[in-house]
Amino acid sequence: MIAGSDARGTIYGIYSISEEIGVSPWYWYSDVPVRQRDDIEVEGKTRVEDGPDVKYRGIFINDEERTIAWAKKKFPTRDGTPDVNYYRHVYELMLRLRLNTLWPAMHLASRAFNAVTDTGTYDNGTPINAREAAAYGVVASSSHAELMLRNNEGEWRQWYDRNKDALDIKGPDAVAAFNYSINKPAILEYWRRRVVANAGFENILALGIRGVHDSDPVFTPGNPYGFKDKIEMLADVIREQRKLIAEVYGSADAVPQVFIPCKEMNDLYNAGLKDHIPADVTLMWTEDNQGYLRQVPTRSEAARSGGNGVYYHISYWGEPKSYLWLNSTPMSLMVQQLRRAWNSAAGRYWILNVGDIKPGEIKLDLFAKLAWDVAGYDDTRFRTEHVQRDFRLRGKDAAVVADALERFDALENTKRAEFWGEINSSNANSGRIHNGQVFPFSATSDGDELQRYINESNELVATLKGVSAKLDPRYRSAFYQQVLHRVQSYRNMAEQIGYYWKNQLAAAQGRYASAGSYELLSKQARERIRTDEDYWNTISDGKWDDAIGHSHPEGFPNEGTVMLTNDR
């Protein structure tokens, strides 16, 4: 018999047994073969799990343009993308990893998570994705940019267009009108409708207000409500949101709530907003977008009944430089910083920004294990167990791959693949790097530091290709998706940019034959980036076509990697 303290606990028990008998959590999302057995033996003794260390543990699907391109082909639907067929795979993956909380995709190109209803009418009926999350046992929440379960990018504009006359919404357009200091009643009604529609599901409500997208809240001095600054406005927002929650749920603390002091909210919090956040509301601290916690709870914050949490990135879009390709936050850094959070009493609610999920499988898996047992896992133990489970590696081969992943972690700690680049403006084919962000390795000191990094990445590629060649062919696709493609891509970026630097140095020194050789090596590496992605699109019979990519041009300046042109 398998039993849990609640339905979700029972699900975890079922999936734990499933994993033990040969079903990886990544059997669908990374094509890890399901192990076939003629017989299954189960020990008769009672086994009891104490439960997770972190109560709410989950993921944020973000900057999801690659997911949209892939999902449109994989799950074609008239209801927009990503849809419930996509989310069902996400829900199952989360439960197999023993996670429980989702911040869904929220960019403008995505269909808003709660926008598709069982009536087919926006804002009238039960949201299908949320209903399905509840059926799976997944807690629905929303990001630091989407307060009270509202995806402003996908919902506010429709709300504004439909209600601007009836609710006398002021402002020249939807973005300007999302201004609590002049449109308080309309915005409260906007939030109320969502909370009512989703009240029957298990939710965590994020409090506060920001701009329509991930931006500062709009504020008008001399407003009709007498708010003298943004802190006074935010304090009123939180009071009114709590009243709304009490109206819908019966009491202001009847549903978990979180305040996320992210970006400008962190400054407002420290400037006085913290005095207006009720003690039962969880505080979720963010890192600096590069993997380092920038603030942890004080003693008084640690003692709050609502506790504290962490929002952490392995994928990021923004200044000073995006990393959206290879989920490149080092595992050792993530372990260090999450343990720091736990030891600082920020252990109630953890969310990992996973970008498009792929190709961050290994790091997401590590995050999930840490959230369940913070002291019991580190990246060293995890690497060995992971390669044994997902690739059926044993003995020397398992040790070789675990060691290669540790060495690769050191490369990512020094310079992410996405950070190899030369000053470049954004265009359709290449990402950007600004002046002061290049940080080239030296080709003339420390034993040719630059060449040492290139050589190390090449050694890792050779090692992993050697293991891949010996793998049971059924496991090669999963190995490529989780390991080999990421390491090859890093090597390709190091050679494309590193040999360009060597080309420039040789030309400046008048060594023109050497300059020509380095130019050729750089261009060959650039082409391998493209051909490796072409190969990616064919693996598992094309299942993951367009699921990842080095370029990220959709709708904004290209936030992908730098791809040099033939003239530089």
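For the structure, check the block above.
Below, the structure is looked at part by part. Only a predicted model underlies this, so the values are computations on that prediction, with no experimental measurement involved.

## Description of the overall build of the protein chain
Counting secondary structure elements, the protein chain contains 18 helices and eight strands. For the protein chain, whose C-alpha radius of gyration is 25 Å, the value lies close to the compact-globule estimate of 24 Å for 568 residues. Projected onto its principal axes, the C-alpha coordinates of the protein chain cover approximately 70 × 70 × 50 Å. Of the roughly 22500 Å² of accessible surface on the protein chain, a fraction of 49% belongs to carbon and sulfur atoms. Each charge class in the protein chain can be summarised by its mean position, and for the 69 positive and 78 negative side chains these summaries are 1 Å apart.

## Points about the sheet that holds strand β5 (residues 257-259)
Strand order in the open sheet formed by eight strands is β3-β2-β1-β8-β7-β6-β5-β4, and the pairing between neighbours is parallel. Every interior strand has two partners, whereas the edge strands, β3 (139-140) and β4 (205-206), have only one. As paired elements, β5 and strand β6 (residues 282-286) share two bridges and run parallel to each other. Directly across from Val 258, in β6, lies its bridge partner Thr 282. Helix-sheet contacts for helix α12 (residues 361-372) involve β1 (56-61) and β8 (349-355), and the interaxial angle to β8 is about 175°.

## Some remarks on empty space enclosed by the protein
By the definition in use, this model includes eight cavities of 30 Å³ or more. The space that makes up the largest cavity amounts to roughly 80 Å³. Taken together, Pro 104, Phe 113, Asn 114, Ala 130, Ala 140, Ser 141, Ser 142, Glu 146, Leu 149, Asn 151, Glu 155 and Asn 198 form the lining of the largest cavity. Here the lining of the largest cavity is composed, by residue class, of five nonpolar, five polar and two charged.

## Section: the layout of surface pockets
Roughly 370 Å³ of volume is contained in the second largest pocket. Lining the second largest pocket are 24 residues, with Asp 63, His 213, Asp 214, Lys 263 and Trp 317 sitting closest to its centre. Partitioning the lining of the second largest pocket into residue classes produces nine nonpolar, nine polar and six charged.

## So, a nonpolar patch on the surface
The grouping of Ile 2, Ile 14 and Ile 17 at the surface amounts to a nonpolar patch, some 230 Å² of accessible area in total. As for its position among the elements, Ile 14 is in helix α1 (residues 7-20). For Ile 14, a relative accessible area of 42% puts it in the partly exposed group.

## Looking at the environment of His 485
Secondary-structure assignment places His 485 in helix α16 (residues 476-508). With a relative accessible area of 0%, His 485 lands in the buried category.

## Quick notes on the packing of aromatic side chains
With the rule as written, the count across this model stands at 40 aromatic pairs. Plain terms: the ring middles of Tyr 86 and Tyr 87 are 5.1 Å apart, the flat faces sit at 65° to each other, and that makes the pair edge-to-face. As far as the burial class goes, Tyr 86 and Tyr 87 line up, both buried. Look at Tyr 269 and Trp 285: their rings are 5.4 Å apart centre to centre, the planes differ by 85°, and that puts the pair in the edge-to-face class. Taken together, the residues span a long stretch of sequence, with Tyr 269 in helix α9 (residues 264-270) and Trp 285 in strand β6 at a distance of 16 residues. Residue Tyr 269 is classed as buried on the basis of its relative accessible area, which comes to 3%. The ring of Trp 159 has Arg 150 sitting right over it, with the charged end atom 5.7 Å from the ring centre.

## A short note on the pairing of β8
A large share of β8 lies buried, amounting to seven of its seven residues. Side chains Tyr 349, Ile 351, Asn 353 and Gly 355 project from β8 onto one buried face, and the interleaved Trp 350, Leu 352 and Val 354 project onto a second face that is buried too. As paired elements, β1 and β8 share six bridges and run parallel to each other. By the bridge assignment for β8, Ile 61 is matched with Gly 355. Here five bridges tie strand β7 (residues 308-313) to β8, and the two strands are oriented parallel to one another.

## Focus: the pattern of salt bridges
According to the stated counting rule, one finds 45 salt bridges in the structure shown. Residues Glu 240 and Lys 243 are paired through a salt bridge, measuring 3.5 Å at the closest nitrogen-oxygen approach. On the criterion of helical spacing, the pair formed by Glu 240 and Lys 243 is a turn pair, its members being three residues apart in helix α8 (residues 230-249). What makes Lys 243 exposed here is its relative accessible area of 53%.

Calculation rules
- Residues numbered from 1 in each chain as written.
- Predicted model: local features only at pLDDT ≥ 70, side-chain atom pairs only at ≥ 80, totals over all residues.
- Heavy atoms only, no water.
- Helix = DSSP H or I, 4+ residues; strand = E, 2+ residues; numbered from the N terminus.
- Rg over C-alpha atoms; globule rule 2.2 N^0.38 Å.
- Areas by Shrake-Rupley, 256 points an atom, 1.4 Å probe, with all protein chains shown as cover.
- Lys, Arg positive; Asp, Glu negative; His and termini not counted.
- Charge placed at Lys NZ, Arg CZ, Asp CG, Glu CD.
- Pairing = 2+ DSSP bridges.
- Contact = heavy atoms within 4.5 Å.
- Axes fitted to C-alpha atoms, helices over the stretch in contact; angles between N-to-C directions.
- 1 Å grid on protein atoms, 1.4 Å probe; cavity = no way out; pocket = protein on both sides within 12 Å on 5 of 7 lines; lining within 4 Å.
- Points joined across faces, edges and corners; volume = space filled by probe spheres on them.
- Nonpolar A, V, L, I, M, F, W, Y, C, P; charged D, E, K, R; others polar.
- Patch = residues over 30% accessible without salt bridge, like charges linked within 9 Å, V, L, I, M, F, W, Y side chains within 5 Å.
- Salt bridge = Lys/Arg side-chain N within 4 Å of Asp/Glu carboxyl O.
- Buried < 20%, exposed > 50% of the residue type's maximum accessible area, 1.4 Å probe, protein only.
- Phe/Tyr/Trp six-rings, centres within 6.5 Å; stacked < 30°, edge-to-face > 60°.
- Lys NZ or Arg CZ within 6 Å of the ring centre and 35° of its normal.

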